[in-house]
Amino acid sequence: MHAFEASTRRGVVLSLTSAVGFCAMAALVRQAARYDSFMVAQFRFVIGLALLSTAALFGCIRLDFSNGWLLFLRGLSGGASVVLFFLSITKLGVGKGTVISYSYPVFASLLSALFLKERMGPSRWLAVLAALAGTTLLSLRGAGPGGAGGFSVGRYELLAVTGAFLSGIAVVLVRKLHETDSTYAIFFSQCLVGLWLVLVPANVSGAALGYEGGLLLIGIGVVAAVAQLLMTEGYRHLSVTTASLLAMLTPVLSLLVGLTVFREPMNAQAITGALVVMASCALVIVTDRPRR
């Protein structure tokens, strides 16, 4: 029991740190809105591959691949969701784009119950529904660039929801892959397959970055790589539902960043939604129990 509690605490710390990292990444992506989303994603994947390959070269980590097909599917779903996430931030703003994209715990929890047979007690269902309600409240505010307009189901909103669904699939695959593959192999697969996805569209525009743009995109790649590794390792110690709901702190933090840094408005409805999301995260932590 003590070992389980220590593992759970470690998973919570990793997931919370990852949430802060992804918030920082979202803010950097918002700052890089003038650049093509495929190009931004390409930098993220290339830097992730470079960091892992360098660490493997010097013997710091081992890159062993066991379940090739699941790794490929994880890379495919995760890589596509990254592109849609970046696109959502640039088109909808850091607040609204992040919130809609981070509705993926709802999909991940339902898919994990269906395919991984994870138990979903009444408290977990309540946490999922509460998180969904909080996310809805946050999404209903005027969170687009400039804060104009209310929530509407437009093209980019639908793309953001699609990205959230793909993220949910990726999360379930990560949980399953931890039975056979390491954290580093799982992250490497996302970067590798994701790079193949964006390689052509990222380079057809031929837009010049300059030193400032290059450094900004490198920063996005480094922050994203660290946050992704922390998140993936966190799933080793927590259930899909727990880790996913902890990750929902990212849109809450992103809304605060949007308010203070990018001057995006936050009304009473948005604050209520943020409190609901945080409360649902706390609920799922205290109700976490060993899984059969």
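Residues numbered from 1 in each chain as written. Predicted model: local features only at pLDDT ≥ 70, side-chain atom pairs only at ≥ 80, totals over all residues. Heavy atoms only, no water.

Colleague: How should I be thinking about the packing of helix α3 (residues 68-92) against helix α8 (residues 183-198) in this particular structure?
Modeller: How two helices pack is summed up by the angle between their axes together with the distance between the axes. Between α3 and α8, the shortest axis-to-axis distance is 7 Å and the interhelical angle comes to 60 degrees. With respect to their mutual orientation, α3 and α8 come out oblique. At the point where α3 passes α8, the crossing takes the right-handed sense. Contacts between α3 and α8 pair L71, F72, R74, G75, L76, G78, G79, A80, V82 and V83 from the former with A185, I186, S189, Q190, V193, G194, L197 and V198 from the latter. (Axes fitted to C-alpha atoms, helices over the stretch in contact; angles between N-to-C directions. Helix = DSSP H or I, 4+ residues; strand = E, 2+ residues; numbered from the N terminus. Parallel < 35°, antiparallel > 145°, perpendicular 65-115°, else oblique. Left-handed = near helix turned anticlockwise from the far one by under 90°. Contact = heavy atoms within 4.5 Å.)

Colleague: Would you take a moment to explain the side chain of Q190 for this structure?
Modeller: Position of Q190 among the secondary structure elements: in helix α8. Q190 sits in the buried class, given a relative accessible area of 3%. With sequence-adjacent residues up to four places away left out, Q190 is seen in contact with R44, F45, R74, G75, G78, G79, V82 and Q228. (Buried < 20%, exposed > 50% of the residue type's maximum accessible area, 1.4 Å probe, protein only.)

Colleague: Hey, could you run me through the pattern of salt bridges in this one?
Modeller: Side chains that carry opposite charge are capable of pairing whenever their charged atoms lie near each other. Using the criterion set out here, one finds four salt bridges in the structure. With a closest N to O distance of 3.9 Å, E212 and R34 form a salt bridge. On the criterion of sequence distance, the pair formed by E212 in helix α9 (residues 210-234) and R34 in the loop between α1 (2-31) and α2 (37-57) is long-range, its members being 178 residues apart. On the basis of relative accessibility, which here comes to 52%, the residue R34 falls in the exposed class. E179 is paired through a salt bridge with K176; the nearest N and O atoms lie 3.4 Å apart. (Salt bridge = Lys/Arg side-chain N within 4 Å of Asp/Glu carboxyl O.)

Colleague: Would you take a moment to explain the packing of α3 against helix α7 (residues 155-177) for this structure?
Modeller: Put simply, α3 and α7 touch, their axes get as near as 8 Å, and they point 150 degrees apart. Here α7 runs roughly antiparallel to α3, going by the angle between their axes. As for how α3 packs across α7, the hand of that crossing is left-handed. The residue makeup of the contact of α3 with α7, split by class, is 16 nonpolar, seven polar and four charged. (Nonpolar A, V, L, I, M, F, W, Y, C, P; charged D, E, K, R; others polar.)

Colleague: I would appreciate a short explanation of the confidence of the model for the protein in the present structure.
Modeller: Taken over all residues, the pLDDT of the protein has a mean of 82, while the share at 70 or more is 87%. Scored below 50 in pLDDT, residues 141-152 makes 37 contacts in the model with residues more than four places away or belonging to other chains. (pLDDT = per-residue confidence, 0-100.)

Colleague: What am I meant to see in the nonpolar core here?
Modeller: Side chains of a nonpolar character, in soluble globular proteins, are inclined to be buried together. Among the nonpolar cores identified, the biggest contains 62 residues, and M25, F86 and I220 are the most heavily contacted of them. Top contributing element to this core by residue count: α1, with eight residues. Those residues in contact with M25 that lie beyond four places of it in its chain are R44, F85, F86, I220, V223 and A224. (Core = buried A, V, L, I, M, F, W, Y, C linked by side-chain atoms within 4.5 Å.)

Colleague: Explain helix α5 (residues 104-115) here, please?
Modeller: Residues spaced three or four apart along an α-helix point in a common direction, a consequence of the helix completing one turn every 3.6 residues. Taking 1.5 Å of rise per residue, twelve residues should cover 16 Å, and α5 covers 16 Å from first to last C-alpha, within 8% of that figure. All of the buried residues in α5 are Y104, P105, V106, A108, S109, L111 and S112. Phi turns positive, to about 60 degrees, at K117, one or two residues after α5. (Expected span 1.5 Å × (residues − 1).)

Colleague: How should a nonpolar patch on the surface be read in this particular structure?
Modeller: A contiguous nonpolar surface patch, about 420 Å² in accessible area, is contributed by L51, L215, I218, V222 and V226. The biggest single contributor to the nonpolar patch is α9, with four residues. In this fold, V222 is placed in helix α9. (Patch = residues over 30% accessible without salt bridge, like charges linked within 9 Å, V, L, I, M, F, W, Y side chains within 5 Å. Areas by Shrake-Rupley, 256 points an atom, 1.4 Å probe, with all protein chains shown as cover.)

Colleague: Would you explain the side chain of S189 in this entry?
Modeller: With respect to the helices, strands and loops of the structure, S189 is situated in helix α8. For S189, a relative accessible area of 5% puts it in the buried group. The contacts of S189, once residues within four sequence positions are left out, are L71, R74, G75 and G194.

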